[in-house]
Amino acid sequence: MKCVDDFRLKLGQHELVPIMVGGMGVDISTVSLALETARLGGIGHISDAMVPTVSDRRFNTKYVKNKLQQYKLNVANTDKSTVKFDLSLLAEATALHVRHAMDAKKGNGLIFVNCMEKLTMNAPKETLRVRMGAAMDAGIDGITLSAGLHLGTFALIEDHPRFRDVKLGIIVSSLRALQLFLKKVARTNRLPDYIIVEGPLAGGHLGFGMDWAKYDLATIFTEIRDWLVAEQLNIPLIPAGGIFTGSDAVAFMEMGAAAVQVATRFTVTNECGLPDNVKQEYYKASEEDIEVNTISPTGYPMRMLKGSPAIGDGIRPNCEAYGYLLDSSGNCQYIEAYNREVAAHPGAKKIRVWDKTCLCTQMRNFDCWTCGQYTYRLKDTSRRNADGSYQLLTAEHVFHDYQFSTDGKIALPA
Ligand SMILES: Cc1cc2nc3c(=O)[nH]c(=O)nc-3n(C[C@H](O)[C@H](O)[C@H](O)COP(=O)(O)O)c2cc1C
């Protein structure tokens, strides 16, 4: 019976354990988690979501405070179009975050950064170019393009000296999305180095509509695999979403996957950035506690625990401090929803907003508990402590369980 360790992922000159731990913003897939994954010979992801905020927490910088100070006269204004990111500060924060990871890297694995296009930051192209450029300058091994439309993304960085050496990959959820992307990047004379095929059971934002349950990862994976073969395109394919055991991973490797991307099982590790009480919420969750809803102002459905404090919270938009989801005109769906509720409840001290959430604030505070569909199985991966709580795992334990387990088994901690 095969295990994941019988396979290797070849990426350029690198030979890796074919396990990629997916990016989880905001600072849920921490530098420590990525370092541990790389040390064990796989590929870890950090995320560049809200990196100035993450930098403030980790390195005591004052990016958020200073931005709020700069725009404080705008706080009560419903028009956020003037609230912009300073590109040089954004580059500085990104470089700090990435360098912190790359300087500490040990072992044969790699560290990539997850870069979401939907983080439009009131200047989509300029900020995305700066984020990727700064990450490459700081030595990142690879960039995974996610959440959004990346049709012009390669072109944004084609003049960067590392454009042809850094590993570049994309997450897609359909053959059609991949075909559109490949058509666009053909002009830059550079193909992606890997393609992640993310199915509907993943955590975070989904590349599906609210009819996500009609789709399944193996079917989409097979369709994309067969098309690539027919087009004679030899690009490593990496399925993601609901791969819960080493045996699930082996089944995909036997179907031609080059590696797997996993995330949910690592949310209950010491290295994961979620607060410990939130990790316990993930452990305790049953299937009925998990939903896919449309409260993300990005317009993409998102999976989360129904008990997330973000749901229904009516906090004032915090764009002067954050503003990561402002589109190119300075709009965000949450601002509209919030203003509508304020107008409907004149004089109310506290309002509730149910249809959208202030995702920046909620993710920053770990109050939007986004999760994969199989979060309800996490309780089967650990043991209970005397007080009823669940034992947190080490990332090494979970990584090795994926790498070596057979027969659908899950190793419990010692
Ligand atoms: C808590 C959490 C946060 C996530 N955040 C992101 C993100 O910021 N960007 C992204 O591209 N994918 C995100 N994902 C998706 C994962 O990177 C990964 O592709 C997917 O969850 C794999 O499926 P699994 O969780 O069933 O193993 C997130 C997943 C989880 C569980």
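For the structure, see preceding data.
## Some thoughts on the environment of Pro297
Here is step 1: Structurally, Pro297 can be placed in the loop between strand S12 (290–293) and strand S13 (302–305).
Here is step 2: Put simply, Pro297 and Lys118 are 179 residues apart on the chain and 9.8 Å apart in space, counted from C-alpha to C-alpha.
Here is step 3: Not counting residues within four places of it along the chain, the set of residues in contact with Pro297 comprises Leu325, Cys332, Gln333, Tyr334, Lys356, Thr357 and Leu359.

## Brief notes about the nonpolar core
Here is step 1: Core analysis: the largest hydrophobic core is formed by 122 residues, its most contacted members being Ile46, Ile111, Ile140, Ile143, Ile224, Phe266 and Tyr282.
Here is step 2: Among the elements that line this core, the one with the most residues is helix H8 (residues 217–230), at six residues.
Here is step 3: Once residues within four sequence positions are removed from consideration, Ile224 is found in contact with Val172, Ser174, Leu175, Leu178, Val197 and Leu237.
Here is step 4: One finds Leu9, Met20, Ile171 and Tyr194 within the second-largest nonpolar core, a separate group that totals 14 residues.

## Re the site of the ligand
Here is step 1: Near the ligand there are 21 residues, and of these Gly23, Glu198, Gly242, Gln261 and Thr264 occur at the shortest range.
Here is step 2: Protein coverage of the free-state accessible area of the ligand, which is 600 Å², stands at 96%.
Here is step 3: Broken down by secondary-structure element, the contributors of at least two residues to the shell around the ligand are strand S5 (110–116) and strand S11 (260–262).

## A short note on unusual backbone geometry
Here is step 1: Residue Val26 is bonded to the preceding Gly25 through a cis peptide linkage, with omega at 0 degrees.
Here is step 2: With respect to the helices and strands, Val26 occurs in the loop between strand S3 (19–21) and helix H1 (31–39).
Here is step 3: The phi dihedral of Met50 is positive, around 55 degrees, even though this residue is not glycine.
Here is step 4: Residue position: Met50 is located in the loop between strand S4 (43–47) and helix H2 (51–59).
Here is step 5: Relative accessible area serves as the criterion here: at 4%, Met50 is assigned to the buried category.
Here is step 6: You will see that Asn60, though not glycine, has its phi angle at about 65 degrees, which is positive.

Criteria and cut-off values
Residues numbered from 1 in each chain as written. Predicted model: local features only at pLDDT ≥ 70, side-chain atom pairs only at ≥ 80, totals over all residues. Heavy atoms only, no water. Helix = DSSP H or I, 4+ residues; strand = E, 2+ residues; numbered from the N terminus. Contact = heavy atoms within 4.5 Å. Core = buried A, V, L, I, M, F, W, Y, C linked by side-chain atoms within 4.5 Å. Buried < 20%, exposed > 50% of the residue type's maximum accessible area, 1.4 Å probe, protein only. Near = heavy atom within 4 Å. Areas by Shrake-Rupley, 256 points an atom, 1.4 Å probe, with all protein chains shown as cover.

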